[in-house]
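Examining the three-dimensional arrangement
So you can see what is in the structure, the chains are spelled out below.
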There are 2 protein chains.
Amino acid sequence: MTFEQNMLDYKTTIEEALKNIVFLNCSSNSFHRKLIDSMNYSIHAGGKRLRPMLLLEANRILGGDNEKAIPFACAIELIHTYSLIHDDLPAMDDDDLRRGKPTNHTVYGEAIAILAGDALLNLAYEIMLEAIEDRRGIDASRILAESSGSRGMVGGQSVDVLTEGISVEKDILEYIHMNKTSKLIQAALKMGAALAGGSEEEMSAFSGFGFHLGMAFQIKDDLLDIEGNEAMLGKPIGSDATADKNTFPKIVGIEASKAALDEHTRIALSEIEKIGGDTVFLKTLASRLLSRNS
Amino acid sequence: MTFEQNMLDYKTTIEEALKNIVFLNCSSNSFHRKLIDSMNYSIHAGGKRLRPMLLLEANRILGGDNEKAIPFACAIELIHTYSLIHDDLPAMDDDDLRRGKPTNHTVYGEAIAILAGDALLNLAYEIMLEAIEDRRGIDASRILAESSGSRGMVGGQSVDVLTEGISVEKDILEYIHMNKTSKLIQAALKMGAALAGGSEEEMSAFSGFGFHLGMAFQIKDDLLDIEGNEAMLGKPIGSDATADKNTFPKIVGIEASKAALDEHTRIALSEIEKIGGDTVFLKTLASRLLSRNS
């Protein structure tokens with residue numbers, strides 16, 4: 001199977017599973033139809049499905065059961081999706097476009113967008129709790145919870161919005177990137193490994209890989225915002241600068257950002273080497289993500 | 001022990017536990033200090049602690065372990081707290097006061113209020129996942145998840161905001177009250193019973209009690225908004241009417257609302273009779289809640 005075919009297979013699996021989960025919440029004549037429509041709108045707005053893909057691949061590498069991992073893969077995508085809806089709100093980043101489409105609140109209004117985010121966050125835990133069979137499922141759910149809350153993603157978002165328009169030191173920027181972006185990517189890999197019953201060494205290697213992949217991914221994003229192509233990104237380039245966001249290029253300059261990207265990439269790839277098994281897909285995925293131009 | 005002492009004991013237990021949980025997330029020099037402050041502000045804004053109290057009491061009646069139930073009691077209070085923060089937002093009910101104090105977003109700004117709500121919702125699941133020891137803990141967590149999301153509380157909130165200013169039929173109003181208010185009160189009792197390993201009959205009696213108590217509680221709230229005393233409620237009376245909210249008195253009239261309150265109260269109390277054990281506290285609590293004047 002080619003890399004492209006492999007990736008497409010994962011994407012199809014995840015999107016089918018997401019359709020089925022949300023369908024359970026949905027009845028055509030229900031009073032809360034608009035809420036469900038709003039949830040579905042953002043779930044099916046064309047994401048890369050990167051986090052669930054990483055989760056399923058980590059689980060596969062360590063010999064885990066793919067079917068049993070799918071609800072957890074959906075859960076992390078739902079958490080990611082809710083965070084984008086709330087991030088785009090007028091009180092937050094105030095974005096009108098996301099992946100080239102109108103943002104949730106532009107279509108459904110602010111109140112429903114807030115509630116759709118809340119419902120997706122809740123749904124993530126609901127489907128994991130339904131799927132938990134043993135300690136491995138509990139461990140995977142806990143990893144996601146710890147990475148998503150005030151000590152993880154939400155903590156990172158809070159510092160991101162509070163420092164808008166204020167030039168920050170590099171350690172604060174690293175805190176933002178680590179928490180806002182890297183922790184959820186790292187969680188995906190750790191969850192997959194936990195579901196497969198990975199050893200302490202394996203968990204640590206996936207965790208290290210995930211952390212550095214996440215940091216590299218976010219620095220790449222910052223660089224693309226300056227250098228990328230507007231049409232390919234689906235959002236206006238320079239939008240971070242316009243919003244006066246703190247980014248790697250802004251704080252340390254373009255050359256130092258590229259060096260940091262290379263360094264995180266190098267460490268990420270060296271962490272993969274500690275993992276036994278077939279890591280070809282994971283390595284290819286990492287290198288494509290970090291050399292992408294959109 | 002008097003009823004008042006019993007209630008105060010529960011309140012102290014819950015508030016101590018809440019302090020300890022949030023303290024874990026807190027470090028005085030952390031970057032995300034403002035987020036933690038905002039979470040703490042609403043957690044300690046003087047709630048009745050009704051839902052965790054009902055959970056602990058249902059668990060006690062069926063002989064469950066109180067210590068083990070405490071994290072789940074905290075979780076339902078965190079879910080309730082997050083929902084109030086998001087409900088008060090300018091895009092939702094746009095309230096400046098809650099329990100006589102400025103609402104979260106008035107103090108911390110909209111962005112942080114949205115994120116504090118998200119973090120509290122996430123934290124609720126985090127502490128339950130940490131506390132789960134067996135199937136009973138999973139069952140209790142699932143009850144909360146099912147009651148809080150799009151098929152529960154958030155679903156009710158979505159219809160509530162969408163029907164503001166539109167006069168609705170009684171069935172839609174009942175849908176709103178059932179989902180927005182009753183489901184979480186019902187969940188508290190079902191969770192307590194589940195944690196104690198309650199039988200199917202016991203679960204059903206607690207569920208029936210909780211549902212009707214919740215409906216009665218919300219109808220009482222609607223009536224108090226018209227008849228209550230502003231100073232005692234801590235918010236302006238008539239605020240529902242000002243916001244053009246759909247309430248029982250508005251849709252069916254004051255007399256029919258009082259009749260519905262009586263009927264739900266009657267059924268709630270008859271459901272308690274099906275539960276063996278010492279239900280004196282639960283009955284007293286229900287009758288106080290439904291005859292309160294603030």
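This text goes with the structure placed above it.
Computed from a prediction, not measured in an experiment: that's the story for all the values here.

1. Examining the overall build of chain A
Within chain A one finds 15 helices and two strands. Across its three principal directions, the C-alpha atoms of chain A cover 50 × 45 × 35 Å. When each of the 294 residues of chain A is scored for burial, the buried share is 53%. Put simply, 72% of the contacts in chain A that link residues at least 6 apart link residues at least 24 apart.

2. Considerations on the nonpolar core
In this structure, Ile76(A), Met191(A), Ile76(B) and Met191(B) are the most contacted members of the largest nonpolar core, which totals 174 residues. Sequence-distant contacts of Met191(B), defined by excluding residues within four places in its chain, comprise Leu55(B), Phe72(B), Ile76(B), Ala140(B), Ile143(B) and Leu144(B).

3. Regarding the environment of Asp222(B)
The topology assignment puts Asp222(B) in helix α10 (residues 200-227). A residue is classified by how many C-beta atoms lie within 10 Å of it, and Asp222(B), with 23 of them, is buried.

4. Topic: helix α3 (residues 50-61) of chain A
All names here are of chain A. Taking 1.5 Å as the rise per residue, α3 with twelve residues should run 16 Å; its terminal C-alpha atoms sit 16 Å apart, in good agreement. A large share of α3 lies buried, amounting to eleven of its twelve residues. Along α3, the positions that sit buried rather than exposed are Leu 50, Arg 51, Pro 52, Met 53, Leu 54, Leu 55, Leu 56, Glu 57, Ala 58, Asn 59 and Ile 61. Of the residues one or two after α3, Gly 63 is the one with positive phi, at around 80°.

5. Here we look at the relation of the copies chain B and chain A
Taken as rigid bodies, chain B and chain A are interconverted by a rotation of 180° and an axial shift of 0.0 Å, the fit giving an RMSD of 0.0 Å. Both chain copies can therefore be described as sitting about a two-fold axis. Of the residues that chain B buries at the interface, 100% are likewise interface residues in chain A, meaning the two copies contact each other through the same surface.

6. Considerations on the packing of helix α3 (residues 50-61) of chain B against helix α4 (residues 66-88) of chain B
The relative placement of two packed helices is expressed as an angle between their axes plus a distance between the axes. Residues and elements named next belong to chain B. Two elements in contact, α3 and α4, have axes separated by 8 Å at closest approach and are oriented at 155°. Compared by their axis directions, α3 and α4 come out roughly antiparallel. Between α3 and α4 lies a crossing whose hand is right-handed. Contacts between α3 and α4 involve Arg 51, Pro 52, Leu 55, Leu 56, Asn 59 and Arg 60 from the first element and Asn 66, Ala 69, Phe 72, Ala 73, Cys 74, Ile 76, Glu 77 and His 80 from the second.

7. Things to note about the interface of chain B and chain A
Facing the 44 residues of chain B at the interface are 44 residues of chain A. Sorting the residues of the side of chain B that touches chain A by element identifies α2 (33-43), α6 (110-131), α7 (135-148), α8 (153-162) and α9 (170-195) of chain B as the ones contributing at least two each. Among the elements that take part in the side of chain B that touches chain A, α6(B) stands out by supplying 14 residues, more than any other. Split by residue class, the side of chain B that touches chain A holds 25 nonpolar, eleven polar and eight charged.

8. Overview of the environment of Leu290(A)
Residues and elements named next belong to chain A. Residue placement: Leu 290 occurs in helix α15 (residues 280-290). Each C-alpha atom, one on Leu 290 and one on Thr 265, is 7.7 Å from the other, the two residues being 25 residues apart in sequence. In this structure Leu 290 touches Ala 216, Lys 220, Leu 261 and Thr 265, once residues within four positions along its chain are discounted.

9. Structural notes on the environment of Ala260(B)
Residue and element names in this part refer to chain B. Its place among the elements puts Ala 260 in helix α14 (residues 254-273). Through-space distance from the C-alpha of Ala 260 to that of Arg 135 is 37 Å; in sequence the pair is 125 residues apart. For Ala 260, the residues in contact, after removing those within four places along its chain, are Ile 219 and Phe 248.

10. Considerations on helix α9 (residues 170-195) of chain A
Residues and elements named next belong to chain A. With 26 residues, α9 extends 35 Å between its outermost C-alpha atoms, agreeing within 8% with the 38 Å of an ideal straight helix rising 1.5 Å per residue. Bending of α9 peaks at approximately 50° at the position of Ser 182. In terms of burial, α9 is largely enclosed, as 21 of its 26 residues are buried. Phi turns positive one or two residues past the end of α9, at Gly 197, with a value near 70°.

11. A short note on unusual backbone geometry
With the exception of glycine, the majority of residues adopt a negative phi angle, and the majority of peptide bonds are in the trans configuration. Residues and elements named next belong to chain A. Even without being a glycine, Arg 99 presents a positive backbone phi close to 50°. Topologically, Arg 99 is positioned in the loop between β1 (97-98) and β2 (101-102). According to the C-beta neighbour criterion, Arg 99 is partly exposed, with 14 such atoms within 10 Å.

Cut-offs applied
- Every chain is numbered on its own, with residues counted from 1 as its sequence reads.
- Just so you know, chain letters begin at A and ligand numbers begin at 1, following the order they were written in.
- Per-residue local features are limited, in this predicted model, to residues with pLDDT of at least 70; the limit for side-chain atom pairs, both in listing and counting, is 80 or more; totals at the level of whole chains, interfaces and linings are taken over all residues.
- A run of H or I in DSSP counts as a helix once it spans at least four residues, and a run of E counts as a strand once it spans at least two, with each numbered from the N terminus.
- The exposure scheme places C-beta atoms from the backbone and then counts, for each residue, the other C-beta atoms within 10 Å of its own, assigning buried at 20 or more, exposed at 12 or fewer, and partly exposed in between.
- Working definition of a contact: two residues with C-beta atoms, positioned from the backbone, lying within 7 Å.
- Here, a nonpolar core means buried Ala, Val, Leu, Ile, Met, Phe, Trp, Tyr and Cys residues linked by C-beta atoms lying within 7 Å of one another.
- An expected span of 1.5 Å times one less than the residue number is assigned to each helix.
- Copy-to-copy alignment: least squares on C-alpha atoms, limited to residues at pLDDT 70 or above in both.
- Each axis is a line fitted through C-alpha atoms, and for a helix only the stretch in contact is used; angles between axes span 0 to 180 degrees, taken between their N-to-C directions.
- Between 65 and 115 degrees an angle is taken as roughly perpendicular, under 35 as roughly parallel, over 145 as roughly antiparallel, and anywhere else as oblique.
- A crossing counts as left-handed when the near helix is turned anticlockwise from the far one by less than a right angle, and as right-handed when that turn is clockwise.
- Residue polarity follows a fixed list, in which Ala, Val, Leu, Ile, Met, Phe, Trp, Tyr, Cys and Pro are nonpolar, Asp, Glu, Lys and Arg are charged, and the others, Gly among them, are polar.
- One fitted axis covers the seven residues ending at a residue, a second covers the seven starting there, and the bend at that residue is the angle between these axes.

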